[in-house]
Amino acid sequence: METLLLFVYFLVVFYVLYQMALDLERQQEDGVIIHLDYDFLATQAQDQLDFQKGAKHIKATVSELSFGKLEFTALKFSIAPKNRQQALGSAFAKERREEGWSDDEILQLLTSSILVRMLPIGKQKLRPISLLSVIVINQTANTHIYVNWDHSSLEMFNESNRIIRSVPNMPRDLTQPQIYSLVNPQSSLTANVTVEKNYAYNPKTDRMTLADNLVDLADRVEMSKMTDPTTEEKNIQPLYTLDLMVGIKHVTDPNSELINLLLPFKFTLEIEPDKIALPPVRWLLKRFGKRNRPDMGSWFWGQ
């Protein structure tokens, strides 16, 4: 009799603990992280630079940068002097050499840079994303950067889409060519873009307005494969790829050619399940949780 009572007691405790675990599971909120494949981006950019005769002095790298409290990662184009001997023979170089600078240090000082980054990236709440932000920072003194929106595209679910730069008073006819964006020396550009099909005509304003989101992160989590919140295995899904066409041209050299680069910003989505800290509850959910047993329908599974 005592054995039976003890068995019933432990069964009740187990069931109560299990129901508490299910309640905690219902309160869990998954998070997501948007990743950008910087290594792939820099490799593809450098391969294109190496193929073009007038771009041998430009190097593409991934750079960790900080401006005050702001820290971020960006694609960096380092533009060295095209003529090394001419640069080292300049009056500026001679003055630095008299101060004790080496030739490599002088060339590093004469090297300017261009930064390209894309937002949003990093940890995100489960929310709709309507627009992507393209940021170009031109830190050079004599180089123009062109952004060709019509030769850029966004691929999602294996479908390529024309991108549209969002501007005030969007025109009714989106089939018209878009104007290049020019980034002058010592200036920057921030542009918001989305795909053409997300715009719709608004008869009240007689303008095209944004009618749909680019992606809803909550929907993407629902569409993704099941994530086990009790393991350390990462759940990473393809998100979208933006191919951005940019041009780089030296301003003061009339014989310089326009260097065209198609930059592939390849994004993935990592789903971060909300994990429960208490080990016994984690153990229960791993074996009996609804996330891992979604089709069970008995009283024991709490449905």
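## Quick notes on the nonpolar core
Ranked by internal contacts, the top residues of the largest apolar core, which has 49 residues, are F77, Y240, L263 and F265. Among the elements that take part in this core, strand β16 (residues 259-272) stands out by supplying 7 residues, more than any other. Setting aside residues no more than four positions away along its own chain, F265 makes contact with L36, L41, V116, M118, Y240, T241, L242 and L244.

## A closer look at unusual backbone geometry
Look at the link from L119 to P120: it is a cis peptide, with omega at 5°. In this fold, P120 is placed in the loop between β4 (112-119) and β5 (122-124). With a phi angle near 55°, F157 is a residue other than glycine that sits in the positive phi range. Secondary-structure assignment places F157 in the loop between β8 (143-156) and β9 (159-165). A positive phi angle is found at Q186, which is not glycine, with a value near 60°. Locating Q186 in the fold gives a position in the loop between β10 (181-183) and β11 (187-195).

## Points about a nonpolar patch on the surface
Taken together, F92, W101, L109 and L110 make up a surface patch of nonpolar side chains, about 320 Å² in accessible area. With respect to the helices and strands, the residue W101 is situated in the loop between α4 (91-98) and α5 (103-109). W101 gets classed as partly exposed once you look at its relative accessible area, which sits at 33%.

## Considerations on the side chain of N138
Looking at the secondary structure, you find N138 in strand β7 (residues 132-138). Taking the relative accessible area as the measure of exposure, N138 reaches 1% and is therefore buried. A polar contact of 3.2 Å, which involves the side chain of N138, links it to the backbone oxygen of V183. Discounting residues that sit within four places of it in the chain, N138 has contacts with S113, I114, T143, H144, I145, V183, N184, P185, Q186 and S187.

Rules of the game
- Residues numbered from 1 in each chain as written.
- Predicted model: local features only at pLDDT ≥ 70, side-chain atom pairs only at ≥ 80, totals over all residues.
- Heavy atoms only, no water.
- Core = buried A, V, L, I, M, F, W, Y, C linked by side-chain atoms within 4.5 Å.
- Buried < 20%, exposed > 50% of the residue type's maximum accessible area, 1.4 Å probe, protein only.
- Helix = DSSP H or I, 4+ residues; strand = E, 2+ residues; numbered from the N terminus.
- Contact = heavy atoms within 4.5 Å.
- Patch = residues over 30% accessible without salt bridge, like charges linked within 9 Å, V, L, I, M, F, W, Y side chains within 5 Å.
- Areas by Shrake-Rupley, 256 points an atom, 1.4 Å probe, with all protein chains shown as cover.
- Salt bridge = Lys/Arg side-chain N within 4 Å of Asp/Glu carboxyl O.
- Polar contact = N/O pair within 3.5 Å; in protein donor to acceptor, adjacent residues only side chain to side chain.

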